[in-house]
Amino acid sequence: MNKVFDLANLSFLIILAMTFGGAFIAVAARNIFHNVLGLALSLFGVAGIFLYLNSPFLAMMEILIYVGAICIAICFAIMLSEPLYLPRPPRKPLKLLGAGVAAFLVFLLFGSLVKKTVWIAAPVRSDDWSVTTIGHYLLTRYALIFEVISL
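Residues numbered from 1 in each chain as written. Predicted model: local features only at pLDDT ≥ 70, side-chain atom pairs only at ≥ 80, totals over all residues. Heavy atoms only, no water.

Asks: Now, about the nonpolar core: what can you tell me, with residues and values included?
Replies: The biggest cluster of nonpolar side chains holds seven residues, and these are Val 36, Ala 40, Leu 43, Val 67, Cys 71, Cys 75 and Ile 78. Among the elements of the structure, helix 2 (32-52) and helix 3 (56-80) are those that each provide at least two residues to this core. For this core, the element with the highest residue contribution is helix 3, accounting for four residues. If we ignore the near neighbours within four places in the chain, the residues touching Cys 75 are Phe 33 and Val 36. (Core = buried A, V, L, I, M, F, W, Y, C linked by side-chain atoms within 4.5 Å. Buried < 20%, exposed > 50% of the residue type's maximum accessible area, 1.4 Å probe, protein only. Helix = DSSP H or I, 4+ residues; strand = E, 2+ residues; numbered from the N terminus. Contact = heavy atoms within 4.5 Å.)

Structure follows, in structure tokens:
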């Protein structure tokens, strides 16, 4: 029996072809919607590589965060935006000034909040920093941090 044609190697080659094929579509396609679909296909392939490396947590996070959230958000942004061939209206300086002032005020607010906060280091419960331990901490005690990482 030839080792090249066993099921594990064949599935790995299919996953690699899906990853590189999706990456090629993401770079080479002329339609921006096809670029995003190629990116989603490539990211599915990366999730398959994570499964092949016996890391199902990273594979599911890849699908959930990158394919399920980011690629779909990009698709919605493309579908809801105006076509590129239409002329753009000129920007109003008053709106630009208002946006700049609002962004600066939010920056000052967050800066003062960070400066006034007393930061306490979290107690380390064990020296075991395996993927299982990190995944357990992210989904139980540090769920907010997990959500911030997702952003």
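Asks: How would you summarise helix 2 if you had to cite specific residues and measurements?
Replies: For helix 2, which comprises 21 residues, the first-to-last C-alpha distance of 30 Å matches the rise-based estimate of 30 Å (1.5 Å per residue) to within 8%. Among all positions in helix 2, only Asn 35, Val 36, Gly 38, Ala 40, Ser 42, Leu 43, Gly 45, Ala 47 and Gly 48 are buried. As for helix 2, its buried residues are in contact with helix 1 (7-28) and helix 3. Asn 54 occupies a position one or two residues after helix 2 and carries a positive phi of about 60°. (Expected span 1.5 Å × (residues − 1).)

Asks: If you had to explain the packing of helix 1 against helix 2 to someone new, which residues and values would you point to?
Replies: If you want to describe how two helices pack, look at the angle between their axes and the distance between the axes. One can describe the packing of helix 1 onto helix 2 by two numbers: an axis separation of 7 Å at closest approach and a directional angle of 155°. Relative to helix 2, helix 1 is oriented roughly antiparallel. In the crossing of helix 1 with helix 2, the sense of the turn from one axis to the other is left-handed. The residue makeup of the contact of helix 1 with helix 2, split by class, is 15 nonpolar, 10 polar and no charged. (Axes fitted to C-alpha atoms, helices over the stretch in contact; angles between N-to-C directions. Parallel < 35°, antiparallel > 145°, perpendicular 65-115°, else oblique. Left-handed = near helix turned anticlockwise from the far one by under 90°. Nonpolar A, V, L, I, M, F, W, Y, C, P; charged D, E, K, R; others polar.)

Asks: I'd love a proper account of unusual backbone geometry, names of residues and values included.
Replies: Despite not being glycine, Asn 54 has its phi angle at roughly 60°, a positive value. Summarising the element assignment, Asn 54 is placed in the loop between helix 2 and helix 3. Residue classification places Asn 54 among the exposed positions, given a relative accessible area of 68%.

Asks: Let's hear about the state of the cysteines: which residues, and what values?
Replies: Using the criterion set out here, one finds zero disulfides in the structure. Cysteine Cys 71 remains unbridged, with the sulfur of Cys 75 as its closest cysteine sulfur at 6.8 Å. (Disulfide = S-S within 2.5 Å.)

Asks: Break down the packing of aromatic side chains for me, citing the residues and quoting the values.
Replies: A full pass over the atoms with the stated rule returns one aromatic pair. Note on Phe 12 and Tyr 52: the rings are 4.7 Å apart at their centroids and 35° apart in plane angle, and the pair reads as tilted. Taken as a pair, Phe 12 in helix 1 and Tyr 52 in helix 2 lie far apart in primary sequence, 40 residues in all. For Phe 12, a relative accessible area of 25% translates into the label partly exposed. With a relative accessible area of 38%, Tyr 52 lands in the partly exposed category. (Phe/Tyr/Trp six-rings, centres within 6.5 Å; stacked < 30°, edge-to-face > 60°.)

Asks: How would you sum up the environment of Asn 9? Please name residues and give values.
Replies: Its place among the elements puts Asn 9 in helix 1. For the pair Asn 9 and Lys 92, spaced 83 residues apart in sequence, the C-alpha to C-alpha distance is 59 Å.

Geometric values such as these leave the question of function open.
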